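Structural features, examined
Letter by letter, the chains look like this.
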Amino acid sequence: MTLLAVEGLNKAFGGVVAARDVTFALSAGEMLAIIGPNGAGKSTTFNMVGGQLRPDTGRVVLAGQDITGQPPRQVCRMGVGRTFQVAQTFLSMSVVGNVQMALIAHHGRTRDMVADAARLYRDDALALLARVGMEGEADRPIGELAYGDVKRVELAIALAAAPRLLLMDEPTAGMAPRERAALMQLTADIARGGGIGVLFTEHDMDAVFAHADRILVLVRGEVIAEGTPEEVRANPEVQRVYLGTSGHKAALRARRAAHG
Amino acid sequence: MDVGFIVVQSLSGLASASALFIIASGLTLVFGVTRIVNFAHGSFYMLGAYIAVTVVPWLLEIDRSPTLFFTGVLISAIAVGVLGVLMELLLLRRLYKVPELFQLLATFGVVLMVQDAVLKIWGPVDIPGPRAPGLRHGVEILGQRFPAYELFLIVIGPAVLGLLWLLMHRTRFGILIRAATRDREMVGALGVNQAMLFTGTLFLGAALAGLGGALQIPRVSASSQMDLSIITEAFVVTVIGGMGSVPGAFLAAVLIGQLQAFGVLVFPKITLVLVFLLMAAVLVVKPWGLLGRPEAAAGRAALPEGILAVRGFGRVEKLIAGLAIAAMLAVPVFGDAYTVKVATEVLIFALAAFSLNFLVGNGGIVSFGHAAYFGLGAYAAGLLVTKGGLPMEPALLAAPIAGGLFAALFGFFVVRLSGIYLAMLTLAFAQIAYAVCFQWVEVTGGDNGVVGVWPSAWAASRQVYHYVVAACAILAIIALRRVVYAPFGATLRAARDSEQRADAIGIDVRTHRWLAFTLAGGAAGLAGGLYAFSKGSIDPTLLAIPLSVDFLAMILLGGIQTVMGAVAGAAAFHTIKDIFMPLTDFWRFLLGASIIALVLVFPRGLAGAFAGWRA
Ligand SMILES: Nc1ncnc2c1ncn2[C@@H]1O[C@H](COP(=O)(O)OP(=O)(O)O)[C@@H](O)[C@H]1O
Ligand SMILES: [Mg+2]
């Protein structure tokens, strides 16, 4: 079943066309990777789906409902959680406080002026942190964590809204290689286990080819190829324009890893 | 209304616009390069006028020629430019990296110091200036007489605009100014001597303010109130035009000049309200002003960190809070009348400061006009008692409602902005409220205000009224503190830490900020109502900028990063003020210097020091 349908999105910043007629679809439980060189328009596409940017033309349809141009808070309430290319968290709060805040918002209690916020949804928040392996750090200030751990907490924050769709813009940027693999595996498990669709961008080809069900290749705002990892890998234009030889090697490595 | 009259009215609007533009262009240039909104710009204007009324008559003694008149004007401008250089070297240089709130407060510290310095040097009496030789006559325009000097002013504004354009496009210095206004990093990367650029810009900006002041002397006397009245207008011009944009400032000055020239015919009393409406309309449609650029203002957060992790009271804190409350309740039993009065005021200001830090520290909403809601609460209560004939109890109920309603009205616009624009809009709203109370003499009593705001008979004694205040203020602080710890308070902190993340988890940031602004306005209104009855009178100083700055100084002194710091800051500030103000003629000078010292060496305040000691 189609969870997210993106139809003919266009976005230009002044003279720069950041997205041109971007079209794709994503089903529940599927992991779709968008790859492309820097400045290809990946973040722009994410932001148009997440509501941070309004597309010039085109439609974003989530589970049959048109959400084009809705603000992020509305998109969130429709069941979309996201992480940002540069992690966005509440720096004055503890790790668990960040997740509790997301739960408070999810349950519509943000205008409650009486309850004790520190006690609210603490157990649920700890459970979410356990899912991303961060329960041990729950009461530390989030500013003290290593960047890789912040990214995990961000995933827990995104999951607090019980999303149907996760948007993850470069989830492993700035992480050590081993952390990367672990986070992508975690994301894949969560997505497949919960039937959550995941749209992600990634520079690490190993991660992409190991976990993506399908790949979308974006170059200068245009989708130049789309398909399964095998199809994309075999696509001569992709090899020429983007993957080059290093990408090809990564693909081979990933296949070897996947098939022993 | 005949054509001649309309033309003359429009011309006088243009003359005011010219004068306003010259001043505002300096403010906007300095902001563009340094990203500092310089409150002391109004002081430079005032100094320009004072120096001119000293120098020009002295030159005219030699020869009553236009050349010497304008030589004197230029000397004044250059002298003020040199003072601007001094300010850059001694103060601003240390401020470029600190949060905007601290920059605003520190430059306001300079305003306070200059005010006392001017009084010391030139005395309290206004000094009229000489008229300009050669431009003393009137000119006949369509059957109306129009002063030649005003015509001259009309020419001088565009002339300054043209000269600035040449400077910005034809000289290396000017091209660097434009580059810095557009992109700070680029200038740094080019290896330009930034220090020289900044110092030079301060010279230019201050000299323009000085020129504006010196050119005013044939029209208005030099007075020690010139600084704050002009700075508000200059703020409004730069905000409407777009911070950092000189052509924007010109456009805005012309618009405002015309609006005031014709507005005065329709609504003689409330031209300021029209100006404000224009500003609100512009900011809603174009939040960065007519010709402004978003990056210029949205560069830095207003605060790097506000209230950090909110923790419940430990045993030591509980003990201190209990002792403080007990002491406040014991004052009427043991203290003399004077101590009771001071203690009552401390409680009132503690509530006002707490409500301000609810916005600033907890919400990252830097309000520079919080006294507006305090004052409006006081006026609501005072007018209901004196003019409405109501007793104290319902009037005290009306005070927070009035504060809250006006905060809701103004806040609707305020929360659409952020950072420095937000701070300036809160200031502008406060000035509007001040102007209405000041000008609407029939209702508000104007400058003198209204006397006879006394409590009901049962609460008439100082002691009993102290308990009334204690009950209201302590309960309100406890309630507001509860909100800080509640989901609503946490949501405000979340939006302050990362607006983007807050939005992405489903929070409607703007609505929550608006509610917070309203709530804080209500609390400040209650404090204002309590204050009116403790003084027995109301007057416009209750809404004026200096009181807003006092509130900010209280939370700064107490420590913005902590929940209860505001209360400690209010107590310390008010006690110090009460002890030292009667002892010195230089209270403002001391206060200004203390604010600057706090910002530079003690930015975490008393509670910050306490937390450091506990840790
Ligand atoms: N807010 C913006 N204003 C102007 N140009 C932008 C903005 N956001 C992105 N761009 C431009 O759009 C293009 C695509 O950027 P982006 O979506 O961030 O690429 P990616 O995430 O694939 O690296 C780039 O050329 C970038 O400079
Ligand atoms: Mg990107």
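Procedures and definitions
- Residue indices follow the written sequence of each chain, beginning from 1 at its first position.
- Think of it this way: whatever chain is written first is A, whatever ligand is written first is 1, and the rest follow in order.
- Two thresholds apply to this predicted model, a pLDDT of at least 70 for residue-level local features and 80 or more for giving and counting side-chain atom pairs, whereas whole-chain, interface and lining totals are computed over all residues.
- With hydrogens and water set aside, each side-chain value is computed from the structure's full complement of heavy atoms.
- For the purposes of this entry, the term helix denotes a DSSP run of H or I that reaches at least four residues, the term strand denotes a run of E that reaches at least two, and both are numbered from the N terminus.
- Radius of gyration: C-alpha atoms only; globule rule: 2.2 Å multiplied by the number of residues to the exponent 0.38.
- Accessible surface area values rest on a Shrake-Rupley calculation with a 1.4 Å probe, where residue burial reflects the displayed protein chains alone.
- Positive charges come from Lys and Arg, negative ones from Asp and Glu, while His and the chain ends are left out of the count.
- Where a charge lies is defined by one atom per residue type: Lys uses NZ, Arg uses CZ, Asp uses CG and Glu uses CD.
- When a residue's accessible area, from a 1.4 Å probe over protein chains only, is under 20% of the maximum for its type it is buried; when over 50% it is exposed; and in between it is partly exposed.
- In this analysis, two residues are considered to be in contact whenever any of their non-hydrogen atoms come within 4.5 Å of each other.
- Neighbouring residues are identified by heavy atoms, a residue being near a molecule or strand if any of them is within 4 Å of it.
- Definition of a polar contact: a pair of N or O atoms within 3.5 Å, with one able to donate and the other able to accept a hydrogen when the atoms are protein atoms, and with sequence-neighbouring residues admitted only if both atoms are side-chain atoms.
- In this classification, Asp, Glu, Lys and Arg are treated as charged, Ala, Val, Leu, Ile, Met, Phe, Trp, Tyr, Cys and Pro as nonpolar, and every other residue, Gly included, as polar.
- The span expected for a helix works out to 1.5 Å for each residue beyond the first.
- Because no water is among the atoms considered, metal sites can look incomplete, with donors defined as N, O and S atoms within 2.8 Å of the metal, or 3.2 Å for Na, K and Ca.
- Paired strands are those between which DSSP finds at least two bridges.
- Using only the protein atoms, space was sampled on a 1 Å grid; points where a 1.4 Å probe fits but cannot get out form cavities, open sets with protein on both sides within 12 Å along at least five of seven lines form pockets, and lining residues are those with an atom within 4 Å of a point.
- Grid points are joined across faces, edges and corners, and a volume is the space filled by probe spheres set on the points.
- The domain limits used here are those given by an automatic or database domain assignment.
- Like-charged residues are merged into a patch within 9 Å and nonpolar side chains (Val, Leu, Ile, Met, Phe, Trp, Tyr) within 5 Å, provided each residue has over 30% relative accessible area and no salt bridge.
- For this document, the term salt bridge refers to a Lys or Arg side-chain nitrogen within 4 Å of an Asp or Glu carboxyl oxygen.
- Only rings of Phe, Tyr and Trp enter the pairing, Trp through its six-membered ring, and a pair is recorded when the two centres are within 6.5 Å. The plane angle decides the type: under 30 degrees is stacked, over 60 is edge-to-face, the rest tilted.
- In this analysis the charged atom, NZ for Lys or CZ for Arg, is taken to sit over a ring once it is within 6 Å of the ring centre and within 35 degrees of the ring normal.
- Confidence of the predictor in every single residue is expressed as pLDDT, which spans 0 to 100.
- Orientation is described by lines fitted to C-alpha atoms, with helices fitted over the stretch in contact, and by angles between N-to-C directions that extend from 0 to 180 degrees.
- Comment on the angle field: the value is read as roughly parallel under 35 degrees, roughly antiparallel over 145, roughly perpendicular from 65 to 115, and oblique elsewhere.
- Reported buried area values correspond to the accessible surface (1.4 Å probe) lost by two parts on association, with both partners' losses combined.

Details of the overall build of chain A
From N to C terminus, chain A includes nine helices and 10 strands. Against the 2.2 N^0.38 benchmark of 18 Å for 260 residues, chain A shows a C-alpha radius of gyration of 18 Å, consistent with a compact globule. Dimensions of chain A, computed from C-alpha atoms along their principal axes, come out at roughly 60 × 45 × 35 Å. Roughly 10,800 Å² of accessible area belongs to chain A as shown, and the carbon and sulfur atoms make up 50% of that amount. When the 28 positive and 28 negative side-chain charges of chain A are each reduced to one mean point, those points stand 3 Å apart.

Topic: the overall build of chain B
Broken down by element type, chain B carries 26 helices and four strands. The C-alpha atoms of chain B give 25 Å as radius of gyration, which agrees with the globular expectation for 615 residues (25 Å, within 12%). Referenced to the eigenvectors of the C-alpha coordinate spread, the extents of chain B come out at roughly 75 × 60 × 45 Å. Across the 615 residues of chain B, 58% fall into the buried class. For chain B, the share of sequence-separated contacts (at least 6 apart) that also reach a separation of at least 24 residues comes to 81%. Entry remark: accessible area of chain B is about 23,500 Å², with carbon and sulfur atoms responsible for 70%.

A short note on the site of ligand 1
All names here are of chain A. Near ligand 1, the surroundings consist of Phe13, Val16, Ala18, Pro37, Asn38, Gly39, Ala40, Gly41, Lys42, Ser43 and Thr44. At 2.7 Å, a backbone N or O of Gly39 approaches an oxygen atom of ligand 1. Residue Gly41 places a main-chain N or O atom 3.0 Å away from an oxygen atom belonging to ligand 1. Taking 560 Å² as the accessible area of ligand 1 by itself, protein coverage stands at 59%. Among the secondary structure elements, those contributing two or more residues to the shell around ligand 1 are strand S2 (16-27) and helix H1 (42-50). A total of three residues in the shell around ligand 1 trace back to one element, the largest contributor, which is H1. Considering only residue class, the shell around ligand 1 consists of five nonpolar, five polar and one charged.

Quick look at helix H6 (residues 177-194) of chain A
Residues and elements named next belong to chain A. The terminal C-alpha atoms of H6, which comprises 18 residues, lie 26 Å apart, in line with the 26 Å expected from a rise of 1.5 Å per residue. Buried within H6 we find Leu183, Met184, Leu186, Thr187, Ala188, Ile190 and Ala191. Its buried side turned inward, H6 meets strand S3 (31-35), helix H4 (122-131), helix H5 (147-159), strand S7 (165-168), strand S8 (197-201) and helix H7 (205-211).

Quick notes on the coordination of the magnesium ion (ligand 2)
Ideal geometry at a metal centre gives angles of 109.5 degrees when four donors are arranged tetrahedrally and 90 or 180 degrees when six donors are arranged octahedrally. Residues and elements named next belong to chain A. Listed as protein donors to the magnesium ion (ligand 2) are Ser43 (OG) and Gln85 (OE1); their distances from the metal cover 2.0 to 2.3 Å. With Ser43 in helix H1 and Gln85 in the loop between strand S6 (80-83) and helix H3 (95-106), this residue pair connects regions lying 42 residues apart in the sequence. Taking relative accessible area as the criterion, Gln85 reaches 31% and is therefore assigned partly exposed.

Digging into the sheet that holds strand S1 (residues 2-13) of chain A
All names here are of chain A. Strand order in this open sheet of four strands is S2-S1-S4-S5, and the pairing throughout is antiparallel. Taken across any chain shown, the strands that pair with only one partner, and hence form the sheet edges, are S2 and strand S5 (65-66). Here S1 pairs with strand S4 (residues 57-62) via five bridges, running antiparallel. By the bridge assignment, Glu7 is partnered in S4 with Arg59.

Brief notes about empty space enclosed by the protein
All told, the structure shown has four cavities of 30 Å³ or more when counted by the stated rule. Counting only elements with at least two residues in the lining of the largest cavity, the list comes to helix H9 (226-241), helix H11 (271-285) and helix H17 (419-439) of chain B. Considering each element in turn, the lining of the largest cavity owes the most residues, four residues, to H11(B). Of the residues that constitute the lining of the largest cavity, the class distribution is seven nonpolar, three polar and one charged. Three or more residues apiece are contributed to the lining of the largest cavity by two domains, here domain 1 (3-285) and domain 2 (315-544) of chain B. If you go around the second largest cavity, the residues you meet are A:Cys76, A:Val80, A:Gly81, A:Arg82, A:Ala102, A:His106, A:Ile157, A:Ala158, A:Ala161, B:Arg501, B:Ala504 and B:Ile505.

A look at a nonpolar patch on the surface
Together, B:Val264, B:Leu265, B:Val266, B:Phe267 and B:Ile270 make up an exposed nonpolar region whose accessible area comes to about 390 Å². Within the secondary structure layout, B:Phe267 lies in the loop between helix H10 (246-266) and H11.

So, the side chain of A:Ser92
Relative to the helices and strands, A:Ser92 is located in the loop between S6 and H3. Within the local environment of A:Ser92, its side chain forms a polar contact with the side chain of B:Arg496, the two groups lying 3.1 Å apart.

Observations concerning the packing of aromatic side chains
Residue and element names in this part refer to chain B. One pass over the full model with this rule turns up 22 aromatic pairs over all chains. Arranged with centres 6.0 Å apart and planes meeting at 25 degrees, the rings of Phe349 and Phe374 form a pair that is stacked. Here Phe349 is found in helix H14 (residues 337-363), whereas its partner Phe374 is found in helix H15 (residues 371-386), with 25 residues between them in sequence. Residue Phe349 shares its accessibility class with Phe374, and that shared class is buried. Ring pairing ties together the aromatic residues Tyr373, Phe406, Phe410, Phe412, Phe413, Phe429 and Phe517, which thus form one cluster. One cation-aromatic arrangement involves Arg416 over Phe412; the distance from NZ or CZ to the ring centre is 4.1 Å. The ring of Phe313 has Arg481 lying over it, and the distance from NZ or CZ to the ring centre is 4.0 Å.

Thoughts on the confidence of the model for chain B
Residues and elements named next belong to chain B. With 96% of its residues at a pLDDT of 70 or more, chain B shows a mean pLDDT of 89. Segment residues 296-304 is flagged for pLDDT under 50; beyond a separation of four residues in sequence, or across chains, it makes 25 contacts in the model. Scoring the predicted complex yields pTM 0.88 and, for the interface, ipTM 0.89.

So, unusual backbone geometry
All names here are of chain A. If you check the backbone angles, Ala63 has positive phi at about 45 degrees while not being a glycine. Positionally, Ala63 belongs in the loop between S4 and S5. Of note, Tyr121 is a non-glycine position whose phi angle comes to about 55 degrees, a positive value. A relative accessible area of 18% places Tyr121 in the buried class.

Overview of the packing of helix H5 (residues 148-170) of chain B against helix H6 (residues 172-182) of chain B
Residue and element names in this part refer to chain B. Packing of H5 against H6 leaves a shortest axis separation of 5 Å and a crossing angle of 85 degrees. The angle between H5 and H6 falls in the class roughly perpendicular. Contacts from Leu167, Met168, His169 and Arg170 of H5 reach H6 at Arg172, Phe173, Gly174, Ile175, Ile177 and Arg178. Taken together, the residues that form the contact of H5 with H6 break down as five nonpolar, two polar and three charged.

Remarks on the interface of chain B and chain A
Each partner contributes to the interface: chain B provides 29 residues, whereas chain A provides 30 residues. Carbon and sulfur atoms make up 60% of the area that chain B and chain A hide from each other, which totals about 2,500 Å². Sorting the residues of chain B by area buried against chain A places B:Pro487, B:Arg501 and B:Ile505 first, and these three jointly supply 28% of that buried surface. On the surface where chain B and chain A come into contact, there are three salt bridges.

A look at the sheet that holds S6(A)
Residue and element names in this part refer to chain A. Within the open sheet, the six strands sit side by side as S6-S7-S8-S3-S9-S10. Their pairing is mixed. Since the sheet does not close on itself, it has two edges, and those belong to S6 and strand S10 (222-227), each with one partner. Mean inter-strand twist for the sheet, computed between neighbouring axes without regard to direction, equals 15 degrees. Of the strands in this sheet, S3, S7 and S8 are in contact with H6, which crosses S3 at around 140 degrees.

Focus: the domain arrangement of chain B
Residues and elements named next belong to chain B. One can read the domain layout of chain B as domain 1 (3-285) and domain 2 (315-544). Contact residues are listed per partner, giving 23 residues for domain 1 and 21 residues for domain 2. Here domain 1 is connected to domain 2 by zero salt bridges. At the boundary of domain 1 and domain 2, one finds two residue pairs in polar contact (both at pLDDT 80 or more). Counting only elements with at least two residues in the side of domain 1 that touches domain 2, the list comes to helix H4 (100-122), H9 and H11.

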